[in-house]
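# Results of the structural survey
The lines below spell out each chain.
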Amino acid sequence: PPPVGPLPVGTLPGPPRLPPSIDGLSRAGGGLGGGLGGDRAYAGGTVDGAQRHAGTYGYLKQMWADGSREEAIARLATFARYEAAGTAFAAKAWRRLGGWQRAVGEDQPFSVERAATVLASLGNATDASPHSYKAWHAWAMVSFEAVQQLPPSDAAEFVVPAVRGFFRSIALGREAALQDLLRLLTLWFTHGHRADVEAAVQAGCDDISADLWLLVTPQIIARIHAPNPFVRRSVNRLLAEVARTHPQGLIYPLTVASKSLLLPRRTAALRVLTEVRKANDTLVEQAALVSTELIRCSILWHEVWHAALEEASRLYFQASDVDGMLA
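Reading guide: rules and limits
- Residues numbered from 1 in each chain as written.
- Predicted model: local features only at pLDDT ≥ 70, side-chain atom pairs only at ≥ 80, totals over all residues.
- Heavy atoms only, no water.
- Patch = residues over 30% accessible without salt bridge, like charges linked within 9 Å, V, L, I, M, F, W, Y side chains within 5 Å.
- Areas by Shrake-Rupley, 256 points an atom, 1.4 Å probe, with all protein chains shown as cover.
- Salt bridge = Lys/Arg side-chain N within 4 Å of Asp/Glu carboxyl O.
- Lys, Arg positive; Asp, Glu negative; His and termini not counted.
- Charge placed at Lys NZ, Arg CZ, Asp CG, Glu CD.
- Helix = DSSP H or I, 4+ residues; strand = E, 2+ residues; numbered from the N terminus.
- Buried < 20%, exposed > 50% of the residue type's maximum accessible area, 1.4 Å probe, protein only.
- Phe/Tyr/Trp six-rings, centres within 6.5 Å; stacked < 30°, edge-to-face > 60°.
- Expected span 1.5 Å × (residues − 1).
- Contact = heavy atoms within 4.5 Å.
- pLDDT = per-residue confidence, 0-100.

On the surface, Lys61, Lys92, Arg96 and Lys134 cluster together into a patch of positive charge. Summarising the element assignment, lysine 61 is placed in helix α4 (residues 49-65). The partly exposed category is assigned to lysine 61, whose relative accessible area is 33%.

Our next topic: the packing of aromatic side chains. According to the stated counting rule, one finds 7 aromatic pairs in the structure shown. With a centroid separation of 6.3 Å and an interplanar angle of 65°, the aromatic rings of tryptophan 188 and tryptophan 213 are classed as edge-to-face. With tryptophan 188 in helix α10 (residues 178-191) and tryptophan 213 in the loop between α11 (195-205) and α12 (217-221), this residue pair connects regions lying 25 residues apart in the sequence. Accessibility expressed as a relative area gives 1% for tryptophan 188, which makes it buried. Members of the aromatic cluster, joined through ring pairs, are Phe167, Trp188, Phe189 and Trp213.

To continue, consider α4. Between the first and last C-alpha of α4 there are 24 Å, a value that for 17 residues agrees with the 24 Å anticipated at 1.5 Å per step. Among the residues of α4, Arg52, His53, Gly55, Thr56, Tyr57, Tyr59, Leu60, Met63 and Trp64 are the ones counted as buried. Trailing α4 by a residue or two, glycine 67 shows a phi angle of about 105°, which is positive.

Turning our attention to the side chain of arginine 265. Secondary-structure assignment places arginine 265 in helix α15 (residues 263-279). Of the side chains bearing the opposite charge, glutamate 311 lies closest to the buried arginine 265, which forms no salt bridge; the N-O distance is 11 Å. In contact with arginine 265, not counting residues within four places along its chain, are Ile221, Ala222, Ile224, His225, Ala257 and Ser260.

It is worth spelling out the confidence of the model for the chain at this point. This prediction gives the chain a mean pLDDT of 82; 86% of its residues lie at or above 70. Highest mean pLDDT in the chain belongs to helix α8 (residues 133-149) (94); lowest belongs to helix α1 (residues 20-28) (36). Low pLDDT (under 50) marks residues 1-45, which in the prediction has 75 contacts with non-local residues, meaning those over four places away or in another chain.

With that settled, the discussion passes to α10. The end-to-end C-alpha separation of α10 is 20 Å, in line with the 20 Å expected for 14 residues at 1.5 Å each. For α10, the elements touching its buried residues are α8, α9 (152-173), α11, α12 and α13 (229-245).

Next up on the list: a nonpolar patch on the surface. Among the surface-exposed residues, Ile295, Ile299, Trp301, Val304, Trp305 and Leu309 lie close enough to one another that they form a single nonpolar patch of about 680 Å² accessible area. When residues in the nonpolar patch are grouped by element, the largest group, 4 residues, is from helix α17 (residues 301-317). Counting through the fold element by element, valine 304 comes out in helix α17. According to the relative accessible area criterion, valine 304 is partly exposed, its value standing at 36%.

Shown next, in the form of structure tokens:
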């Protein structure tokens, strides 16, 4: 079968030619002519570049819809590389090309080669439009898909690109990128033990606004006592940073976590609260008072004893943690 990815320069077909019926409309000067052009438009420039590009792009989409997928991909690659280069259509064309390349083989297992082909087109889209949320989102999603579907040995190379892509799409999309933020957390908590992933996360955290993390506060605090030291350190650093700018957004969940029966979770929450207390001591004290009174009013003493005995039993029999049981 013909190749799916971008073709070598020597094998690329020429510019797509429009059907005679559309070209006739162009020469007649009515209706679709200004937007679609034709042979005369390519030769003499009877329409401006934006109109010609819009017509070519629309014609290629129709070709794809009619089922000529391989030809549409090859001609769109030509269009993106030559005709649309340096124009507003370049990023759109490359992004569409990456989507088509992914769709052609969606009924086949995802492979490293196909992921690289799609990412090459989407990378050109991000280069053509560095501030496009759609381009960065598409790049990150294909990288994320590769991480999820490829064997671990092959997927490792796509983790850092996915993390960087999601950070960029989150910075550009802000609240609209909530799902990207959740996918980023999945990658972070799963692969955060790698030094390169930790470095990518640290660099990305410096590029996005701290208030965006308030959207996923419960998910972050749930990992405050993560067993992996790299993830735990990154989470605690991020929470301390967010708490400095938005203490009211973290104070109550941190106060609740500080009363956890799990010693690592309680210790980690108290460490972050200590940082918050340096600038907002009154806020911490008031939140602790409210939390204590709510617990006292809602939980009976025998329920507290029962929960503590259950946790002690779990630590002793399942975790073989005698010190934790006695604590």
